[in-house]
Amino acid sequence: MPEVRKAVALISGGLDSLLAARVIQEQGIHVEGINFFTGFCVEGHTHAIRQKDKAKPKRNNALWVAEQLGIKLHIVDIIEEYKDVVLNPRHGYGANLNPCLDCKVFMVRKATEWIEKNGFDFIITGEVIGQRPKSQRKDTMPVIARESGADDLLLRPLCARNLEPSRPEREGWVDRSRLYNFEGRSRKPQMALAAQFGFDDYAQPAGGCCFLTDAQYSHKLADMWSSRGQRDYELDDIMLLKVGRHLRPRPHFKMIIGREEGENRFLHGYRKQFTHLFTTSHPGPLVLIDGELGEDDVELAAQIVARFSQGRSAEQVDVEIHPRGGDHHTCRVKPIAGEAIPGHWYI
Ligand code: SF4
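Residues numbered from 1 in each chain as written. Predicted model: local features only at pLDDT ≥ 70, side-chain atom pairs only at ≥ 80, totals over all residues. Heavy atoms only, no water.

Caption draft 1: Focus on the site of the ligand. Taken together, Tyr 82, Pro 99, Cys 100, Cys 103, Cys 210 and Thr 213 are the residues near the ligand. A breakdown of the residues in the shell around the ligand according to their chemical character gives five nonpolar, one polar and no charged. (Near = heavy atom within 4 Å. Nonpolar A, V, L, I, M, F, W, Y, C, P; charged D, E, K, R; others polar.)

What follows is the structure, given as structure tokens:
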């Protein structure tokens, strides 16, 4: 009996990685999936928090893709190691703080280590030439293969016929004539192939699967780095950037204001780590303070919290202030007028 070759597919949860894995499965290759958790992933987390997204299915798309393919999925936590990719990308950033090329090199490198350890033969990705302006170009494909160390063990089934044959093709592990030559930004070829395979319910993320491609998110991250005077982060930092309105009234403190019930509940989990405020005379949001609230800042912060409560038109609103690690007290304030709110908003 011929040896069954084994491939690991990088599964993001989107359509391309789903199709790439299925194309290779169709050739009798044993495929397993690998998904990397960076902390910046969009799905699952914010969808689960926000009330307004309640109608959307709460599924982890990578797991869902694996289920559609009937394959095992290995979810690998890379939060710590990934920091260097975000903080010091050799190839720079895309339109926002997305270090896509370095990110791909890093993930394929991790997959290369994984196949060596687990006795797999090659790696599959759903990349398509020309799909993304910076990271998925004909000239960046060899960069990813070379810098990751995967070299010719990296196969992109959706555009392989536009590239030099990889080792799986040369050795006859896979039939090159049954691979594809997709190129460009159009999604039509992928949609047609999905229909051919009978996939009709797949994730179509608007700006990618990662918050780093989001302009507002990137502004908040850059603001956090500049206010702290250092480019670094912990998992809690990048999680909190996904939630609430962010307002920096003065350079030394930022307010994270829950936008609705789901977000208030989520922020509640952080109340012991942060100075926090909420209104007691009227329903309103929970607000965390990132930074230090000086004596001169308390009244302003309380007025802003009052402004975001249902007492925004009242003459007086009671606000409870809980300093981190200290005793709480209440202050009575007049809500600040919207146009008088100082500082910068990061929505
Ligand atoms: S969008 Fe995010 S996860 Fe995807 S390649 Fe770019 S940085 Fe990496």
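So that's the structure; there's more coming.
Caption draft 2: Structural view of the packing of helix α1 (residues 15-25) against helix α8 (residues 188-197). Two elements in contact, α1 and α8, have axes separated by 10 Å at closest approach and are oriented at 50°. Accordingly, the angle class assigned to the pair α1 and α8 is oblique. The interaxial crossing formed by α1 with α8 has left-handed handedness. Residues Leu 15, Asp 16, Leu 19, Arg 22 and Val 23 of α1 lie in contact with α8, whose contacting residues are Gln 190, Met 191, Leu 193, Ala 194 and Phe 197. (Axes fitted to C-alpha atoms, helices over the stretch in contact; angles between N-to-C directions. Helix = DSSP H or I, 4+ residues; strand = E, 2+ residues; numbered from the N terminus. Parallel < 35°, antiparallel > 145°, perpendicular 65-115°, else oblique. Left-handed = near helix turned anticlockwise from the far one by under 90°. Contact = heavy atoms within 4.5 Å.)

Caption draft 3: Layout of the sheet that holds strand β2 (residues 30-37). The sheet built from five strands is open, its strands ordered β3-β2-β1-β4-β5 with parallel pairing. Looking at which strands have only one partner, the edges of the open sheet turn out to be β3 (73-77) and β5 (154-155). With respect to the sheet, helix α5 (residues 100-118) is in contact with β1 (6-10), β2, β3, β4 (122-124) and β5, its orientation differing from that of β1 by roughly 155°. (Pairing = 2+ DSSP bridges.)

Caption draft 4: The sheet that holds strand β10 (residues 317-322), seen in detail. Pairing is antiparallel across the open sheet formed by seven strands, whose spatial order is β11-β10-β8-β9-β7-β6-β12. Edge positions in the sheet fall to β11 (329-333) and β12 (344-346), since each has one partner strand and no second. Neighbour-to-neighbour, the strand axes of this sheet turn through a mean angle of 25°, independent of strand direction. In this structure, strand β7 (residues 253-257) lies alongside strand β9 (residues 287-291), joined through five bridges in antiparallel fashion.

Caption draft 5: Broad picture of the pairing of β10. The buried fraction of β10 is high, at six of six residues. Here β10 shows no split at all, with Val 317, Val 319 and Ile 321 on one side and Asp 318, Glu 320 and His 322 on the other all buried. Relative to β10, strand β8 (residues 275-279) runs antiparallel, the two sharing four bridges. Looking across to β10, one finds that Leu 277 is bridged to Ile 321. Two elements, β10 and β11, share five bridges in a ladder whose sense is antiparallel. Across the sheet, residue Val 319 finds its bridge partner in β11, namely Cys 331. Hairpin geometry of β10 and β11 is characterised by an intervening segment of six residues between the two adjacent antiparallel strands and by a positive phi of about 75° at Gly 325. (Buried < 20%, exposed > 50% of the residue type's maximum accessible area, 1.4 Å probe, protein only.)

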